[in-house]
Amino acid sequence: MNFIRFLTFNFFTKAFLRQTCKLHIANRRIKTMISDYIFILAVFFPFFMVIMIASFFFTTNNLAEISSINITLSCSLVPFSAMIFVILNKDFFNGQSVSKRIYGYQIIDNKTNMAANETKCMLRNVTMIVWPIEVLMTLMNPTRRLGDLIAGTKLIDKEKTAPESIMTDFNLINKDKNYLGLILLSVLFTILFNSFALGLTFV
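Residues numbered from 1 in each chain as written. Predicted model: local features only at pLDDT ≥ 70, side-chain atom pairs only at ≥ 80, totals over all residues. Heavy atoms only, no water.

Quick notes on a positive patch on the surface
For clarity, the threshold we go by: Candidates for patches are residues over 30% relative accessible area with no salt bridge; among them, like charges are joined within 9 Å and nonpolar side chains (Val, Leu, Ile, Met, Phe, Trp, Tyr) within 5 Å. Calculation of accessible area relied on Shrake-Rupley with a 1.4 Å probe; when residues are assessed, cover is drawn exclusively from the protein chains displayed. By convention in these notes, a salt bridge is any Lys or Arg side-chain nitrogen within 4 Å of a carboxyl oxygen on Asp or Glu. Here Asp and Glu are counted as negative and Lys and Arg as positive; His is not counted, and neither are the chain ends. A single reference atom marks each charge: NZ on Lys, CZ on Arg, CG on Asp, CD on Glu. Numbering of helices and strands runs from the N terminus, with a helix taken as a DSSP run of H or I at least four residues long and a strand as a DSSP run of E at least two residues long.
There is a patch of like positive charges on the surface, built from Arg5, Lys14, Arg18 and Lys22. Within the secondary structure layout, Lys22 lies in the loop between α2 (11-21) and α3 (28-61).

So this is what it looks like as structure tokens:
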């Protein structure tokens, strides 16, 4: 628990979070979207740096004939996959990501008007692969973007809370609940995203 808290909220990630709050973007909804991605990238950035440095020395000293770019991409696959997994499930706790807590938003079920369950929250983030389209739809309808239409959810205003409150929700997670289906579905979409990203890389 302490390790997860340190990994999520340390000097580096908090600095990035403060900078995202200073972005000169009038649209609060768009600012929330950008803040989420930048914050998650900040969490995983040290892992990517370690891999890049390690792969540089590895290729220089041992496998000079192998492309360092290919090795770096291969080694980065694990943290990249983990980052995609987290992005898909960033709203897992009470329908609120870190940035949604800062800017005052919550994802709810469009039919019940209750906090959307974990699977719906994950499904609405699958459309991140068409992020530019999501931005345009958000500008037209701040409460329901493409992902919301697919998952049957919508966004509502909620009282702003400290980003660290997500750790409180983490402690309250129902350990008896079976999340295997959600995990497997998230892994499946992560693999699909990886395949798409690698396909673009080697085009």
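Here's the deal with the pairing of strand β1 (residues 105-109)
Test applied: Any residue under 20% of the maximum accessible area for its type is buried, any over 50% is exposed, and the rest in between are partly exposed; the area is computed with a 1.4 Å probe on protein chains only. For two strands to pair, DSSP has to find at least two bridges joining them.
Counting buried positions along β1 yields 5 of 5 residues, so the element is predominantly enclosed. Residue alternation in β1 divides its side chains into two sets, Tyr105, Ile107 and Asp109 and Gln106 and Ile108, and both sets are buried. Summarising the sheet, β1 and strand β2 (residues 153-157) pair through 5 bridges and their orientation is antiparallel. Of the residues in β2, the one forming a bridge with Ile107 is Leu155.

Focus: helix α8 (residues 131-140)
We apply this condition: What the arc describes is the spread of directions from the helix axis to the C-beta atoms.
Among the residues of α8, those classed as buried are Glu134, Val135 and Thr138. All buried residues of α8 fall inside an arc of 105 degrees around its axis, so they share one side. In α8, the exposed positions angled more than 90 degrees off the buried face are occupied by Pro132, Leu136 and Met140.

Side note on empty space enclosed by the protein
Put simply, the rule reads: Using a grid of 1 Å spacing that covers the protein atoms alone, one calls a set of points a cavity when a 1.4 Å probe fits there but cannot get out, and a pocket when the set is open and has protein on both sides within 12 Å along at least five of seven lines; lining residues are those with an atom within 4 Å of a point. Grid points are joined across faces, edges and corners, and a volume is the space filled by probe spheres set on the points. For this scheme, ten residues count as nonpolar: Ala, Val, Leu, Ile, Met, Phe, Trp, Tyr, Cys and Pro. Four count as charged, namely Asp, Glu, Lys and Arg, and the remainder, Gly too, count as polar.
Applying the stated criterion across every chain yields a total of 1 cavity of 30 Å³ or more. Along its surface, the largest cavity is lined by 14 residues, and Met33, Tyr37, Lys90, Asn125 and Arg145 are the ones closest to its centre. Sorting elements by how many residues they give to the lining of the largest cavity places α3 first, with 5 residues. Of the residues contributing to the lining of the largest cavity, the split by class is 4 nonpolar, 3 polar and 7 charged.

A few points about unusual backbone geometry
Of note, the phi angle at Asn94 is positive, near 60 degrees, even though the residue is not glycine. By the secondary structure assignment, Asn94 is in the loop between α5 (77-88) and α6 (98-103). Positive phi, close to 60 degrees, is recorded for Asn113, a residue that is not glycine. Mapped onto the elements of the fold, Asn113 is located in the loop between β1 and α7 (118-124). On the accessibility criterion, Asn113 (46% relative accessible area) is partly exposed.

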